[in-house]
Structures are given as C-alpha cells and as structure tokens.
Amino acid sequence: MERATENPNSETQPSPQPNHKMDADDDDENVKQLKECSSLYLSLQDCLVDSNRDWKSCQKHVQALKACHERRTKK
C-alpha cells in the first residue's frame, strides 16, 4: 500500500496569528479585565515579542496603555 507523501508547500497555510496569541488567549480573564484597554495591552505584547522584550523600544505602547488605564480609573 502506497503512502501519500506530504508536501507542506502544497497546502495553503493559515495566516499567522498575532504574536500575542502565544501569550494571552482572547478568553484570558486578565486581558478581559482591561476592557477598552485590552487592545493596547495586546499591541504592547506584540511589540515586546517583536523587540525581544526590549521595553525601551515599546515605550509608545507603554504610554498609550498607561493613558488608557488612567482614563478608566478617573471615570
């Protein structure tokens, strides 16, 4: 009986998920608690993954998340 050989290039590959999918699932309760700031948190996570956890290069994301959190707590 012959076995079909698999060719990874012949199949359509799904589009890659954002980097944060590895660290935080959409159902993660911690992310849900951030409410309207969750997308900023997830973009910060992506930046940290892309920059090899270099916080200095992700300061724009850090400041945006901080500002969102401050707006939330003033309500």
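The preceding data block contains the structure.
First things first, this report covers the structure right here in the doc.

Definitions and cut-offs
- Residues numbered from 1 in each chain as written.
- Predicted model: local features only at pLDDT ≥ 70, side-chain atom pairs only at ≥ 80, totals over all residues.
- Heavy atoms only, no water.
- Helix = DSSP H or I, 4+ residues; strand = E, 2+ residues; numbered from the N terminus.
- Buried < 20%, exposed > 50% of the residue type's maximum accessible area, 1.4 Å probe, protein only.
- Contact = heavy atoms within 4.5 Å.
- Areas by Shrake-Rupley, 256 points an atom, 1.4 Å probe, with all protein chains shown as cover.
- Disulfide = S-S within 2.5 Å.

A word on the overall build of the chain
- Along its length, the chain carries four helices and zero strands.
- Helices and strands in the chain line up, N terminus first, as α-α-α-α.
- By residue count, 21% of the 75 residues in the chain fall in the buried class.
- Nonlocal contacts in the chain, meaning residues at least 24 apart in sequence, comprise 46% of its contacts between residues at least 6 apart.
- Here the chain has roughly 6,400 Å² of accessible surface; of this, 48% comes from carbon and sulfur atoms.

Some details on the state of the cysteines
- Inspection of the entire model under this criterion finds two disulfides.
- In this model Cys37 forms its disulfide with Cys68; the gap between the sulfur atoms is 1.9 Å. Disulfide Cys37 to Cys68: torsion about the S-S bond roughly -95°, handedness left-handed. On the criterion of sequence distance, the pair formed by Cys37 in the loop between helix 2 (29-32) and helix 3 (38-50) and Cys68 in helix 4 (residues 59-74) is long-range, its members being 31 residues apart. Grouping residues by exposure puts Cys37 and Cys68 together as buried.
- A disulfide bridge connects Cys47 with Cys58, and the sulfur atoms are separated by 2.1 Å. Looking down the S-S bond of the Cys47 and Cys58 bridge, the torsion is -95°, so its handedness is left-handed. In this pair, Cys47 sits in helix 3 while Cys58 sits in the loop between helix 3 and helix 4, placing the two residues 11 residues apart along the sequence. Comparing Cys47 with Cys58, the two get one shared label, buried.
- Disulfide partners in the chain, listed by the sequence order of the bonded cysteines, are 1-4, 2-3.

Focus: unusual backbone geometry
- For Asn52, which is not a glycine, the phi torsion comes out positive at approximately 60°.
- Mapped onto the elements of the fold, Asn52 is located in the loop between helix 3 and helix 4.
- The phi dihedral of Arg53 falls on the positive side, at around 65°, and the residue is not glycine.
- As for its placement among the helices and strands, Arg53 is situated in the loop between helix 3 and helix 4.
- For Arg53, a relative accessible area of 45% puts it in the partly exposed group.

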